[in-house]
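Here are the chains, one letter per residue:
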Amino acid sequence: MAKKEGILIVCSNRKAFHDYFVLETFEAGISLLGAEVKSLRQKELSLEGAFVRMENGQAKLFNMYVKPYKFNSLSEPDPVRTRQLLLNKREIRKLYAGAEIKGQTLVPLEVYFKNGWAKIKLALAKGKHNYDKRESLKKKDLNREMEKGFKNSIRF
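Now for a description of the structure that goes with this document. (Residues numbered from 1 in each chain as written. Predicted model: local features only at pLDDT ≥ 70, side-chain atom pairs only at ≥ 80, totals over all residues. Heavy atoms only, no water.)

With that settled, consider the overall build of the protein. For the protein, the count of helices and strands is 4 helices and 9 strands. Walking the protein from its N terminus toward its C terminus, one meets helices and strands in the order β-α-β-α-β-β-β-β-β-α-β-β-α. Across the 156 residues in the protein, those meeting the buried criterion constitute 31%. The long-range share in the protein, meaning contacts at least 24 apart out of those at least 6 apart in sequence, stands at 69%. As displayed, the protein has an accessible area near 10,900 Å², and 52% of this comes from carbon and sulfur atoms. Distance between charge centroids for the protein: 2 Å, based on 32 positive and 18 negative side chains. (Helix = DSSP H or I, 4+ residues; strand = E, 2+ residues; numbered from the N terminus. Buried < 20%, exposed > 50% of the residue type's maximum accessible area, 1.4 Å probe, protein only. Contact = heavy atoms within 4.5 Å. Areas by Shrake-Rupley, 256 points an atom, 1.4 Å probe, with all protein chains shown as cover. Lys, Arg positive; Asp, Glu negative; His and termini not counted. Charge placed at Lys NZ, Arg CZ, Asp CG, Glu CD.)

Across its 12 residues, helix α3 (residues 89–100) extends 17 Å between first and last C-alpha, which sits within 8% of the 16 Å expected from 1.5 Å per residue. Listed in full, the buried residues belonging to α3 are Glu91, Ile92, Leu95 and Gly98. The arc that holds the buried residues of α3, viewed along the axis, is 135°, so those residues lie on one side. Among the exposed residues of α3, those oriented more than 90 degrees off its buried face are Lys89, Arg90, Arg93 and Glu100. On its buried face, α3 sits against β2 (20–30), β4 (51–55), β8 (104–114) and β9 (117–127). (Expected span 1.5 Å × (residues − 1). Arc of directions from axis to C-beta.)

Before going further, it helps to examine the side chain of Glu91. Residue placement: Glu91 occurs in helix α3. There is no salt bridge for the buried Glu91, and the closest opposite charge comes from Arg90, which lies 5.2 Å off by N-O distance. (Salt bridge = Lys/Arg side-chain N within 4 Å of Asp/Glu carboxyl O.)

The subject of this paragraph is the sheet that holds strand β5 (residues 58–62). An order of β1-β8-β9-β2-β7-β5-β4 is seen for the 7 strands of this open sheet, with the pairing classed as antiparallel. The open sheet has two edge strands, β1 (7–12) and β4, and neither has a second partner. The sheet shows a mean angle of 40° between the axes of neighbouring strands, direction not considered. Each of β1, β7 (83–86), β8 and β9 touches helix α2 (residues 34–41); the most contacted strand, β8, lies at about 80° to it. (Pairing = 2+ DSSP bridges. Axes fitted to C-alpha atoms, helices over the stretch in contact; angles between N-to-C directions.)

Glancing now at the packing of aromatic side chains. One pass over the full model with this rule turns up 2 aromatic pairs. Between Tyr69 and Phe71, the ring centres sit 5.8 Å apart and the planes meet at 70°, which makes this aromatic pair edge-to-face. Judged by its relative accessible area of 16%, Tyr69 falls in the buried class. Seen from the ring of Phe113, Arg41 lies directly overhead, with NZ or CZ sitting 4.1 Å from the centre. A cation over an aromatic ring shows up here: Arg53 above the ring of Phe62, its NZ or CZ 5.2 Å from the ring centre. (Phe/Tyr/Trp six-rings, centres within 6.5 Å; stacked < 30°, edge-to-face > 60°. Lys NZ or Arg CZ within 6 Å of the ring centre and 35° of its normal.)

It is worth spelling out the nonpolar core at this point. General note: in soluble globular proteins, nonpolar side chains tend to be found buried as a group. In terms of nonpolar packing, the biggest core is built from 27 residues, with Leu40, Leu45, Met64, Leu85, Val111, Ile120 and Leu122 touching the most fellow members. It is β9 that contributes the most residues to this core, 4 residues altogether. (Core = buried A, V, L, I, M, F, W, Y, C linked by side-chain atoms within 4.5 Å.)

Here Asn56, not a glycine, exhibits a phi torsion of approximately 55°, which is positive. For Asn56, the position within the fold is in the loop between β4 and β5. In this model, Asn63 sits at a positive phi of 70°, which is unusual for a non-glycine residue. Tracing the backbone through its elements, the reader meets Asn63 in the loop between β5 and β6 (65–66). Residue classification places Asn63 among the partly exposed residues on the basis of a relative accessible area of 36%.

Coordinates in, geometry out; function isn't part of it.
Have a look at this one:
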């Protein structure tokens, strides 16, 4: 079977950009079962409440919901089971050092298929305060208004 070219985004965690300042991003593979891969291809998953924790020198993904595949003939895995992330040692050390700093955490941003392989984009992030969230919303509104005014002013 030939590998598919390009990237197919399955699910993204838009709330993470509202709640955190993204400092650095990483790409990791996900250790999945066959039925879970089929569910991912049908976009039946949720990153809401998902988080990454470093345990025993490995990165593990907790609380990611993958809906059980309805045509699975084998036993169904737990939908929110802990999944291992596939990273090289240098990246694991970097993530571990970043997660140890107070106020920083590891957050999953999106799940996608890259050349047929399931991948996840992780972020080393720092939490926002309420005033930071309000400020980013103001900037977003101002940019939207400026673009709207710019589009309306240019007419041929």
